[in-house]
Amino acid sequence: QLQAFGGGLVRAGGSLRLSCSSSGRTFSIYAGGAGGWFRQAPGKEREFVAAISWNGDSTSYADSVKGRFTISRDNAKNAVVLQMNSLIPEDTAVYYCAAAPTSWISAHIYEYDYWGQGTLVTVSS
């Protein structure tokens, strides 16, 4: 199971920190594979936000969040964190964490086998 935490309501320009932790059968997958964050805004398709390799050496970001969001991981806690700064109203969405049993990072939804329940981020103008 993956669980995402940290969503909430924030004003434009503010920051939020999302965290995703794993348990059960996803524990080893999450620790040994890629971790990712995706988001889905109302009426839109789910889209890639950021991903990180199993050891944290490689990261990837959507163009829309580059320079504002930072993904990191703490394998000791089996958690992947998304630090979101300089938030804008367009960042409003449900954010999902995901795990892929791969040694590479990917922006493709189909490569992620396990998904968290989502956490709502609302950015007011």
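Our subject is the structure that appears above.
Reference entry: report on the structure contained in this document. None of the values given here were measured: they were computed from a predicted structure. (Residues numbered from 1 in each chain as written. Predicted model: local features only at pLDDT ≥ 70, side-chain atom pairs only at ≥ 80, totals over all residues. Heavy atoms only, no water.)

## Quick notes on unusual backbone geometry
Part 1: Notably, Ser86 is not glycine yet its phi reads approximately 50°, a positive angle.
Part 2: By secondary structure assignment, the location of Ser86 is in the loop between β8 (79-84) and β9 (93-100). (Helix = DSSP H or I, 4+ residues; strand = E, 2+ residues; numbered from the N terminus.)

## Quick word on the side chain of Thr102
Part 1: Structurally, Thr102 is set in the loop between β9 and β10 (114-115).
Part 2: Overall, the relative accessible area of 10% leaves Thr102 in the buried class.
Part 3: Not counting residues up to four positions away in its chain, the partners in contact with Thr102 are Gly32, Gly33, Ala34 and Glu111. (Buried < 20%, exposed > 50% of the residue type's maximum accessible area, 1.4 Å probe, protein only. Contact = heavy atoms within 4.5 Å.)

## Some thoughts on the sheet that holds strand β3 (residues 16-22)
Part 1: Pairing within the open sheet is antiparallel, and its four strands lie in the order β1-β3-β8-β7. A single partner strand is all that each edge strand has here, and the edge strands are β1 (2-5) and β7 (69-74). Within this sheet the neighbouring strands show an average axis-to-axis angle of 15°, counted without direction.
Part 2: In the sheet, β7 pairs with β8 via six bridges, with the strands oriented antiparallel. Opposite Arg73, over in β8, you have Val80 as the bridge partner. (Pairing = 2+ DSSP bridges. Axes fitted to C-alpha atoms, helices over the stretch in contact; angles between N-to-C directions.)

## Thoughts on the environment of Gly56
Part 1: Note that Gly56 resides in the loop between β5 (47-52) and β6 (59-61).
Part 2: For Gly56, a relative accessible area of 30% gives the class partly exposed.
Part 3: Residues Gly56 and Gly35, 21 residues apart in the sequence, show an inter-C-alpha distance of 9.4 Å.

## Things to note about the packing of aromatic side chains
Part 1: Within the structure shown, the criterion is met by four aromatic pairs.
Part 2: Between Phe38 and Phe48, the ring centres sit 5.7 Å apart and the planes meet at 70°, which makes this aromatic pair edge-to-face. Linking Phe38 in strand β4 (residues 34-40) with Phe48 in strand β5, this pair joins segments that are ten residues apart in sequence.
Part 3: Owing to a relative accessible area of 0%, Phe38 belongs among the buried residues under this scheme.
Part 4: The interplanar angle of 55° and the centroid separation of 5.0 Å between the aromatic rings of Phe38 and Trp115 together place this pair among those described as tilted. Of the two residues, Phe38 is situated in strand β4 and Trp115 in strand β10; the sequence distance between them amounts to 77 residues.
Part 5: Judged by relative accessible area, Trp115 falls into the partly exposed class, the value being 26%.
Part 6: Sitting over the ring of Tyr96, Arg46 keeps its end group 3.7 Å from the ring centre.
Part 7: The ring of Trp115 has Arg46 sitting right over it, with the charged end atom 5.0 Å from the ring centre. (Phe/Tyr/Trp six-rings, centres within 6.5 Å; stacked < 30°, edge-to-face > 60°. Lys NZ or Arg CZ within 6 Å of the ring centre and 35° of its normal.)

## Remarks on the pattern of salt bridges
Part 1: Enumeration over the complete set of coordinates arrives at four salt bridges.
Part 2: Taking the shortest distance from any N to any O, the salt bridge between Arg39 and Asp91 comes out at 2.9 Å. Remark: Asp91 occurs in the loop between β8 and β9 and Arg39 occurs in strand β4; sequence separation between them is 52 residues. Just as Arg39 is buried, Asp91 falls in that class too. (Salt bridge = Lys/Arg side-chain N within 4 Å of Asp/Glu carboxyl O.)

The analysis is restricted to geometry; functional conclusions fall outside its scope.
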